[in-house]
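# Structural overview for review
Spelled out from the first residue to the last, the chains are:
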Amino acid sequence: MKEIFFDGFMIFCPIINYSFQVLKFKNTKSSKGFSTYLCLVNLLAHTLKIFFWLKEKFRQALLIQSFSVIIMQLYLIYLCIKYKENGPDYEQENKNVMNINNINGHIFCNWKQTLNYKLIWKWNNIVEYYKFYFFFIFLLSIFYISCNDNYYINIIGALIVFLEMLCSLPLIIEVYKTKNQKNISKLMVLMWFIGNILKVFYNIYNKSPIHLVIGTYVQVFCNIILISQLIYYYYTDNGEKNAILIDSDSNSSNKIIFDGNNDITPNDNEEKNI
């Protein structure tokens, strides 16, 4: 019974987790402060886990979890592009961008833009992101077919650990650059942190490959850094707001009010001179 519960938690936790960020995007109509590079790292890491499972089996719940994370990341990219702030007309521009039916057929063949290193992961069209991702899967498939098992497991495992280390890094950098925590779902980060802690025990209990265990440890550490950032900027923002309110109150208390006869009516805090 315990195994069924924890397997279910591992599968559905990412869906619940990232749903909070989806709701945040839809409520604020803005993706400012959220980094699509977080989606990139998650996509690559969990796709590598799926290919790792093909040669080195681990719990199927973690395999299904990887599929659920990939689906959620693709949807988050869609919302990031949709609510990307490009100026006053960005909503209308993104309606055209996001309507795949209106995209000319040549975009599916135009790989020059997709593979241009200067434009990678900075596109304004969702199709380019999907094309890049499927190209990555194609390369992994070739590697899976052609590589020796031992080399394959060691290389893919090392890449998983490396990407797990980077998982929170894009969001940490984005929050630091923008000094903005308003569009980051606190519930998403909290659930992410709790899920990773439970995943550490889950991996140890089920004797998962060492690559997955190390990667989860690193994720927990990065989650702590991100949570610390969000707490710091939350109190910084509130401190600035309180300072502005106090300043505005003090200014209003020192105002001199003129009545209709141009007589000076002093503030209640001042003594009236006769």
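Residues numbered from 1 in each chain as written. Predicted model: local features only at pLDDT ≥ 70, side-chain atom pairs only at ≥ 80, totals over all residues. Heavy atoms only, no water.

A separate point is the nonpolar core. Nonpolar side chains in soluble globular proteins generally cluster together in the buried interior. Counting 60 residues, the largest nonpolar core has Phe34, Ile77, Trp121, Leu171 and Leu226 as the members making the most contacts within it. Mapped by element, the contributors of at least two residues to this core are α1 (2-28), α2 (36-55), α3 (60-82), α6 (126-146), α7 (149-166), α8 (169-178), α9 (186-205) and α10 (210-253). With 12 residues, α2 is the single largest residue contributor to this core. Setting aside residues no more than four positions away along its own chain, Phe34 makes contact with Gln21, Phe25, Cys39, Leu76, Cys80, Leu171, Glu174, Ile184 and Met188. (Core = buried A, V, L, I, M, F, W, Y, C linked by side-chain atoms within 4.5 Å. Buried < 20%, exposed > 50% of the residue type's maximum accessible area, 1.4 Å probe, protein only. Helix = DSSP H or I, 4+ residues; strand = E, 2+ residues; numbered from the N terminus. Contact = heavy atoms within 4.5 Å.)

Along α8, the residues that are buried comprise Pro170, Leu171, Ile172, Glu174 and Val175. Looking one or two places after α8, you find Lys179, whose phi comes out positive at around 55°.

Two numbers describe how α2 lies on α7: the axes approach to 9 Å, and their chain directions differ by 155°. What the angle tells us is that α2 and α7 run roughly antiparallel. As α2 runs across α7, the sense of the crossing is left-handed. In contact with Val41, Leu44, Ala45, Leu48, Lys49, Phe51, Phe52 and Lys55 of α2, α7 contributes Asp149, Tyr152, Ile153, Ile156, Gly157, Leu159, Ile160, Leu163, Glu164 and Leu166. Grouping the constituent residues of the contact of α2 with α7 by class yields 13 nonpolar, one polar and four charged. (Axes fitted to C-alpha atoms, helices over the stretch in contact; angles between N-to-C directions. Parallel < 35°, antiparallel > 145°, perpendicular 65-115°, else oblique. Left-handed = near helix turned anticlockwise from the far one by under 90°. Nonpolar A, V, L, I, M, F, W, Y, C, P; charged D, E, K, R; others polar.)

Here the focus is the packing of α1 against α9. The contact between α1 and α9 brings their axes to 9 Å, and the two run at 155°. For the element pair α1 / α9, the angle class is roughly antiparallel. The handedness of the crossing between α1 and α9 is left-handed. Contacts between α1 and α9 involve Glu3, Phe6, Asp7, Phe9, Met10, Cys13, Ile16, Asn17, Tyr18, Phe20 and Gln21 on the former and, on the latter, Leu187, Met188, Val189, Met191, Trp192, Gly195, Leu198, Lys199, Tyr202 and Tyr205. Tallied by class, the residues present in the contact of α1 with α9 amount to 15 nonpolar, three polar and three charged.

Two side chains carrying opposite charge are able to pair once their charged atoms lie near each other. The tally for this structure, following the rule as stated, stands at three salt bridges. A salt bridge links Arg59 to Asp7, with the shortest nitrogen-to-oxygen separation between them at 2.6 Å. On the criterion of sequence distance, the pair formed by Arg59 in the loop between α2 and α3 and Asp7 in helix α1 is long-range, its members being 52 residues apart. A relative accessible area of 17% means that Asp7 is categorised as buried. (Salt bridge = Lys/Arg side-chain N within 4 Å of Asp/Glu carboxyl O.)

All right, on to the packing of aromatic side chains then. Throughout the structure, instances matching the rule amount to 14 aromatic pairs. Seen in terms of ring centroids, Tyr75 and Tyr78 are 5.9 Å apart; in terms of plane orientation they differ by 10°. Their pairing is stacked. A residue pair is termed a helical-turn pair when its members lie 3 or 4 positions apart in one helix, as Tyr75 and Tyr78 do in helix α3 at three residues. Look at Tyr75 and you get partly exposed, because its relative accessible area is 32%. With 5.0 Å between their ring centres and 90° between their planes, Trp123 and Tyr129 make a pair best called edge-to-face. Residue class for Trp123 comes out buried when judged on its relative accessible area of 2%. For the cation-ring pair, Lys57 lies above Trp53, with the distance from its terminal atom to the ring centre recorded as 4.7 Å. (Phe/Tyr/Trp six-rings, centres within 6.5 Å; stacked < 30°, edge-to-face > 60°. Lys NZ or Arg CZ within 6 Å of the ring centre and 35° of its normal.)

This part takes up α7. Between its first and last C-alpha, α7 extends 26 Å over 18 residues, near the 26 Å set by a 1.5 Å rise per residue. N-cap assignment for α7: the residue whose side-chain oxygen lies 2.9 Å from the backbone N of Asn150 is Asn148. (Expected span 1.5 Å × (residues − 1). Polar contact = N/O pair within 3.5 Å; in protein donor to acceptor, adjacent residues only side chain to side chain.)

It is worth spelling out the confidence of the model for the protein at this point. For the protein, the mean per-residue pLDDT works out to 77, and 74% of the residues sit at or above 70. In the predicted structure, residues 268-274 sits below a pLDDT of 50 and forms two contacts with residues beyond four places in sequence or in another chain. (pLDDT = per-residue confidence, 0-100.)

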